Amino acid sequence: MSEIAPKKVRGALVSGYQFCITIGILLANCVVYATQNRLDTGSYRIPIAIQFLWAIILAIGLFFLPESPRYFVKKGKLDSAAKALASVRGQPLESEYIQDELAEIIANHEYELSVVPQGSYLASWTNCFSGSITNGSSNIRRTLMGIGLQMMQQLTGINFIFYYGVVFFTSLHTIKTPSSLV
């Protein structure tokens, strides 16, 4: 998403993506709430079927998703990168805007090649753990910070509240009916 989006709307796209996730959680809870009183297997089959429907739509959409210009630049196919960029931006191939953005993508790729050690697939993974924890710009420190942030997000318990909050609070007798949370 961020690779093919123009620079001026990338932040809005990421924010919109997070908003869509939140709306998806709301809709999932609405479907579960609507099917909670069913006495047949539809009480769990309907929510699961709706999840499969969205997954199928996403899978079909992936077949129409174009390769990114950055992918083509990394593979050394500059003509294909220019065509992909022109297609995504809706501009002619000879456009100054397309040529400038392509030159920027190429320059960024060359900079990455000069900074990141090149090697085998395994070497690229082990590079994530190089450096010293005391050095603020080392890869191991960045990797551990990312792992720590992900762990803390999970340890805050928000997923527990989302998925088991109603059952938990009902069993504690802090709420009388699950519908009082909705």
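Report on the accompanying structure.

1. Structural notes on the overall build of the protein chain
Part 1: Along its length, the protein chain carries 8 helices and 0 strands.
Part 2: When the elements of the protein chain are put in sequence order from the N terminus, they spell out α-α-α-α-α-α-α-α.
Part 3: Taking 16 Å as the expected radius of gyration for a compact globule of 182 residues, we find that the protein chain reaches 23 Å, considerably beyond that expectation.
Part 4: Dimensions of the protein chain, computed from the C-alpha atoms along their principal axes, are close to 65 × 50 × 30 Å.
Part 5: Within the protein chain, the fraction of its 182 residues that count as buried is 14%.
Part 6: The contacts of the protein chain with a sequence gap of at least 6 include a subset with a gap of at least 24, amounting to 26%.
Part 7: Of the roughly 14200 Å² of accessible surface on the protein chain, a fraction of 66% belongs to carbon and sulfur atoms.
Part 8: Placing the 14 positive and 11 negative side-chain charges of the protein chain at their respective mean positions leaves the two points 12 Å apart.

2. Considering helix 4 (residues 78-89)
Part 1: End to end, helix 4 covers 16 Å across 12 residues, agreeing with the expected 16 Å (1.5 Å per residue, within 8%).
Part 2: Along helix 4, the residues classified as buried are Ala81, Ala82, Ala84, Leu85, Ala86 and Arg89.
Part 3: Looking at the packing, one finds that the buried side of helix 4 touches helix 3 (69-74) and helix 5 (96-115).

3. Some words on the packing of aromatic side chains
Part 1: For the structure on display, the rule yields 1 aromatic pair.
Part 2: With centroids separated by 5.7 Å and ring planes inclined at 65 degrees, the aromatic side chains of Tyr71 and Phe72 adopt a geometry described as edge-to-face.

4. Focus: a nonpolar patch on the surface
Part 1: Together, Tyr17, Ile21, Ile25, Ile158, Phe160, Ile161, Phe162, Tyr163, Tyr164, Phe168 and Leu172 make up a nonpolar patch on the protein surface, roughly 1100 Å² of accessible area in all.
Part 2: Listing elements by their share of the nonpolar patch, those giving two or more residues are helix 1 (10-35) and helix 8 (158-171).
Part 3: A per-element tally of the nonpolar patch places helix 8 first, with 7 residues.
Part 4: Along the chain, Tyr163 falls in helix 8.

Rules used in this analysis
Residues numbered from 1 in each chain as written. Predicted model: local features only at pLDDT ≥ 70, side-chain atom pairs only at ≥ 80, totals over all residues. Heavy atoms only, no water. Helix = DSSP H or I, 4+ residues; strand = E, 2+ residues; numbered from the N terminus. Rg over C-alpha atoms; globule rule 2.2 N^0.38 Å. Buried < 20%, exposed > 50% of the residue type's maximum accessible area, 1.4 Å probe, protein only. Contact = heavy atoms within 4.5 Å. Areas by Shrake-Rupley, 256 points an atom, 1.4 Å probe, with all protein chains shown as cover. Lys, Arg positive; Asp, Glu negative; His and termini not counted. Charge placed at Lys NZ, Arg CZ, Asp CG, Glu CD. Expected span 1.5 Å × (residues − 1). Phe/Tyr/Trp six-rings, centres within 6.5 Å; stacked < 30°, edge-to-face > 60°. Patch = residues over 30% accessible without salt bridge, like charges linked within 9 Å, V, L, I, M, F, W, Y side chains within 5 Å. Salt bridge = Lys/Arg side-chain N within 4 Å of Asp/Glu carboxyl O.

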